[in-house]
Amino acid sequence: MVPMGNSLCRSRGAAAMLLCVLATMAWVFTASASTVPISGLSPYPDGGDPNDPLKVTVCNGGPQVGVLYRNSESEPYIAVNPTDTDNMIACWHQDRWSNGSAQGVYGAFTMDGGSNWTAFSVPFTRCSGGLPGTTGDWQRASDPWITFGADGAAYYMALVTERTSSRNAMVVSKSTDGGMTWSDPIIIKDHDARGIKSRSLFHDKNSMTADPYDPDLVYATWTLFRNGGLALLFSRSTDGGYTWSAARPVNKTETRGKHERALYRQGSQIVVLPDGTLLNSFYCITGDPRGRGFRHIGIEQAIFRSRDQGKHWERLDTTVSPMMPTGGFDFELGIMVRDAGSIPDIAVDRNNGYVYIVWQDGRYNPFGASTVALSRSTDGGDTWSDPIPVTDITNPYGQEFLPAVAVADDGTVGVLYYDSRNDVPGDATFDLDVYLVMMDPNLNILGEERLTDTSFDLRQMLLTGFRGYFPGDYVGLDAAGNDFVAAFTVSNNLGLPVDFPQDPTELRVDSHNRQDIVFARVSRGGASVAAIDQKKTKSIPAVGSAGQPSEEQPRLHDAVPNPFNPQTNIRFELEKPASVRLQIFDVAGRLIRTLVAGEHYPAGGHEVVWDGRNEQGSAVATGIYIYRIDTGYFTATKRMTLLK
């Protein structure tokens, strides 16, 4: 890993920011494998002694407590410039604290599609160059978010905090040259924490969306915690981010039925539909307000909308799906993963307006472990499909978490997630990989790509106190034309002991380079999909000029008929002889029937019939079933529906 230098950008204005960029120009990476490192060692001052926590935290401007993971990065996000898809910007936590936020939020940009990255800094905090009395006069920063406008302008939003006074704010900076230079931060909303009432106000989980059709419109949304309650806040800019409307609550605790009320909303994120409608997604907790306190009723993914660019919002939520909250967990050591939790990610197909939402859910795993669920709306959010698992539900001990979703220009849906399938239970490490599943607009799975070169050890990651390992509350996924691009956190396999539990009252510096942000690009041509490192991928079938599958590629076909009753035909093609396993599962991941149990098949096309019966010969119930093929060199999964 290449260090990024320790120079600070303490001057104000665009010219000074350019000097900051030039000072870090030596930090440039060139792609040589399927993942490209885009973060490095800490650029922030160490006070002359990187091992002395008091000296390292002098730049904060106030006394601190917690474990400072200097040289470690987390919670990345990425966005692609719609006017030049070779230009992308990634951002992340730089030098994360165990008890919340980081010394600053950092970033890098590329002008060549991801092969080379150049670091930049925005003075959101004192350690990243903010001067006393300026909009960068803050101790810590968190929740980095990047969005591009229709004209190619980029916006960088963050949460900034004062740990010693509870003062906090939402801030934004703008770049008009692809990330090379940035404006001074603008405060959208802040609370100065004067008095008991004000000290309870806290902003959290922000996101920002530039309108893809109008370069003057930019939307911001986040959660405000206040005296035990909360509300989703919304602010917008109508002049390209230079000024912002007063932040106002939208959809407070509204009554949804006679005895049901939405009590809690978090993780809000806005997308803009082709007709200009704003759709805000979040997870929601509902309860019964009768009597003292509230009786919990349920938790769900939900949305509400604005049809006039944020001036007015729907009063009531639209339910996407009930859910079973869950998260990653190191069962052997009893340590949680602080991951996306219930927070959704959302994407829209700008060609047809289809909307896709993904989240972590425990309903598909017999032990309640985390898997990734997806739901789709084809009518602008009025109705939503029953959620389906997009990850491998056949391994009851597997875990999948931290999902993100994007839609390519050709309508292909990509879902990125962390996966423990390659972990060996009982050994010294908890091995993780990052995968990308690709689906067509009808949610048929086309295939998957492993984005990590090798597995990485979760147990080397930084810890957020009792909340566990911290890769971030979200990861970055976007589309560059028909390609998918991703920025995500990986740990460096240093062989260090797990630092758990931690003393919440101590001040300590951990200077190990525990984890970094890396970039991966899944390059796609026509209907075929291939990762940068061809030797590490599984091919997705190409389609010939006559629209027929190429005989040189393996393929699992849609079941015919589908829906079916009483039987259906499952066809597959092999590019070379193989031992085939073909199995049927229900949506909970339970094995229903093994149709082919490792039999040898020659190259070419084959067909297997399923009669709708289980291993015991009993007819199964109406519902959705998953069929999966595994040949050793090719794996694919599809869905079918039995109707009676």
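Residues numbered from 1 in each chain as written. Predicted model: local features only at pLDDT ≥ 70, side-chain atom pairs only at ≥ 80, totals over all residues. Heavy atoms only, no water.

Asks: Would you mind showing me how to read the overall build of the protein here?
Replies: From N to C terminus, the protein includes three helices and 42 strands. For the protein, contacts bridging at least 24 residues in sequence account for 60% of all contacts bridging at least 6. As presented, the protein carries roughly 23900 Å² of accessible surface, and 51% of it is formed by carbon and sulfur atoms. (Helix = DSSP H or I, 4+ residues; strand = E, 2+ residues; numbered from the N terminus. Contact = heavy atoms within 4.5 Å. Areas by Shrake-Rupley, 256 points an atom, 1.4 Å probe, with all protein chains shown as cover.)

Asks: Can you walk me through the state of the cysteines in this structure?
Replies: Here, disulfide denotes a covalent bond that connects the sulfur atoms of two cysteines. Scanning all chains against the criterion turns up one disulfide. For Cys59, the disulfide goes to Cys127, at an S-S distance of 2.0 Å. With the S-S dihedral at roughly 85°, the linkage between Cys59 and Cys127 falls on the right-handed side. Here the residue Cys59 occupies a position in the loop between helix 2 (53–56) and strand 3 (66–80), and Cys127 occupies one in the loop between strand 6 (116–121) and strand 7 (140–148), the gap between them amounting to 68 residues. (Disulfide = S-S within 2.5 Å.)

Asks: What should I look at first to understand the sheet that holds strand 22 (residues 345–348) in this one?
Replies: Backbone-to-backbone hydrogen bonds join strands into a sheet, with any given pair of strands oriented parallel or antiparallel. The four strands are arranged 22-23-24-25 in an open sheet whose pairing can be described as antiparallel. For this open sheet the edge positions go to strand 22 and strand 25 (388–389), each flanked by a neighbour on one side alone. (Pairing = 2+ DSSP bridges.)

Asks: Just to check I follow, could you spell out the side chain of Arg305 for this structure?
Replies: Examined against the element boundaries, Arg305 turns out to sit in strand 18 (residues 295–306). For Arg305, the side chain forms a polar contact with the side chain of Asp382, separated by 2.8 Å. Look past the residues within four positions of Arg305 in its chain and what remains in contact with it is Thr277, Leu278, Leu279, His312, Trp313, Glu314, Thr318, Gly380, Gly381 and Asp382. (Polar contact = N/O pair within 3.5 Å; in protein donor to acceptor, adjacent residues only side chain to side chain.)

Asks: Would you mind showing me how to read the pattern of salt bridges here?
Replies: Pairs can form between side chains of opposite charge whenever their charged atoms are close. For the structure on display, the rule yields 22 salt bridges. Note that Asp419 is salt-bridged to Arg421, the shortest N-O span being 3.1 Å. The exposure class of Asp419 is buried, given its relative accessible area of 1%. Take Arg421: its relative accessible area is 28%, and that puts it in the partly exposed class. (Salt bridge = Lys/Arg side-chain N within 4 Å of Asp/Glu carboxyl O. Buried < 20%, exposed > 50% of the residue type's maximum accessible area, 1.4 Å probe, protein only.)

Asks: In this structure, what is going on with the layout of surface pockets? I would like to understand it.
Replies: The computed volume of the largest pocket comes to approximately 1000 Å³. Contributing to the lining of the largest pocket are 42 residues, with Arg96, Arg338, Thr464, Arg467 and Asp473 lying nearest its centre. Elements represented by at least two residues in the lining of the largest pocket include exactly strand 3, strand 7, strand 8 (154–161), strand 11 (202–210) and strand 16 (260–272). By volume, the second largest pocket amounts to about 820 Å³. Secondary-structure elements contributing two or more residues to the lining of the second largest pocket are strand 3, strand 7, strand 11, strand 16, strand 22, strand 26 (400–407) and strand 31 (476–480). For the lining of the second largest pocket, the class distribution of residues is 25 nonpolar, seven polar and five charged. (1 Å grid on protein atoms, 1.4 Å probe; cavity = no way out; pocket = protein on both sides within 12 Å on 5 of 7 lines; lining within 4 Å. Points joined across faces, edges and corners; volume = space filled by probe spheres on them. Nonpolar A, V, L, I, M, F, W, Y, C, P; charged D, E, K, R; others polar.)

Asks: What is the right way to look at the packing of aromatic side chains in this model?
Replies: By convention here, two paired aromatic rings are described through the distance between centres and the angle between planes. Following the criterion strictly, the structure yields 24 aromatic pairs and no others. Between Tyr77 and Tyr474, the ring centres sit 6.2 Å apart and the planes meet at 90°, which makes this aromatic pair edge-to-face. Here Tyr77 is found in strand 3, whereas its partner Tyr474 is found in the loop between strand 30 (456–457) and strand 31, with 397 residues between them in sequence. The cationic tip of Arg140 hangs over the ring face of Trp97; the distance from NZ or CZ to the ring centre is 4.0 Å. The ring centre of Tyr435 lies 3.7 Å from the NZ or CZ of Arg421, which sits over that ring. (Phe/Tyr/Trp six-rings, centres within 6.5 Å; stacked < 30°, edge-to-face > 60°. Lys NZ or Arg CZ within 6 Å of the ring centre and 35° of its normal.)

Asks: How should I be thinking about the confidence of the model for the protein in this particular structure?
Replies: Residues shown with low pLDDT carry predicted positions that ought not to be read at fine detail. Overall, the predicted model of the protein reaches an average pLDDT of 86, with 86% of residues at or above 70. Residue range residues 526–552 is modelled with pLDDT below 50. Its contacts to residues more than four positions away, or to other chains, number 50 contacts. (pLDDT = per-residue confidence, 0-100.)

Asks: In this structure, what is going on with the nonpolar core? I would like to understand it.
Replies: The tendency in soluble globular proteins is for nonpolar side chains to be buried side by side. Counting 39 residues, the largest nonpolar core has Tyr156, Ile188 and Met208 as its most contacted members. Per-element tally for this core: the top contributor is strand 8, with seven residues. For Ile188, the residues in contact, after removing those within four places along its chain, are Met157, Met170, Val171, Val172, Met208, Ala220, Trp222, Ser235 and Trp244. (Core = buried A, V, L, I, M, F, W, Y, C linked by side-chain atoms within 4.5 Å.)

Asks: Even after reading the chapter, I still don't get the side chain of Lys174, so can you show me in this structure?
Replies: Relative to the assigned elements, Lys174 resides in strand 9 (residues 168–175). For the buried Lys174, which has no salt bridge, the nearest side chain bearing the opposite charge is Asp151, at an N-O separation of 5.4 Å. Among the polar contacts made by the side chain of Lys174, one reaches the main-chain carbonyl oxygen of Gly240 at a distance of 2.8 Å. Leave out the neighbours within four places in its chain, and Lys174 touches Ala153, Ala154, Tyr155, Thr181, Trp182, Ser183, Gly240 and Tyr242. (Lys, Arg positive; Asp, Glu negative; His and termini not counted.)

Asks: Before we go on, may I ask you to explain the sheet that holds strand 38 (residues 578–586) in this structure?
Replies: Read across the sheet, four strands follow the order 39-38-41-42 without closing on themselves; strand pairing throughout is antiparallel. The open sheet terminates on both sides in strands that have one partner only, identified here as strand 39 (591–601) and strand 42 (635–642). Between one strand axis and the next, the sheet turns through 15° on average, direction left out of account. Sheet analysis places strand 41 (residues 623–630) next to strand 42, joined by eight bridges and oriented antiparallel. In the strand pairing of strand 42, Arg628 is matched with Thr637. (Axes fitted to C-alpha atoms, helices over the stretch in contact; angles between N-to-C directions.)

Asks: I keep staring at unusual backbone geometry and nothing clicks. Help me out?
Replies: Glycine aside, negative phi is the norm for most residues, and most peptide bonds take the trans geometry. The residue after Val560, namely Pro561, is reached through a cis peptide bond having omega -5°. Positioned with a positive phi, Ser101 is a non-glycine residue whose angle comes to about 65°. Residue placement: Ser101 occurs in the loop between strand 4 (88–97) and strand 5 (102–110). The exposure class of Ser101 is buried, given its relative accessible area of 8%. The phi torsion at Leu402 lies on the positive side, around 55°, for a residue other than glycine. You can see Leu402 is positioned in strand 26. Assessed through its relative accessible area of 0%, Leu402 is described here as buried.

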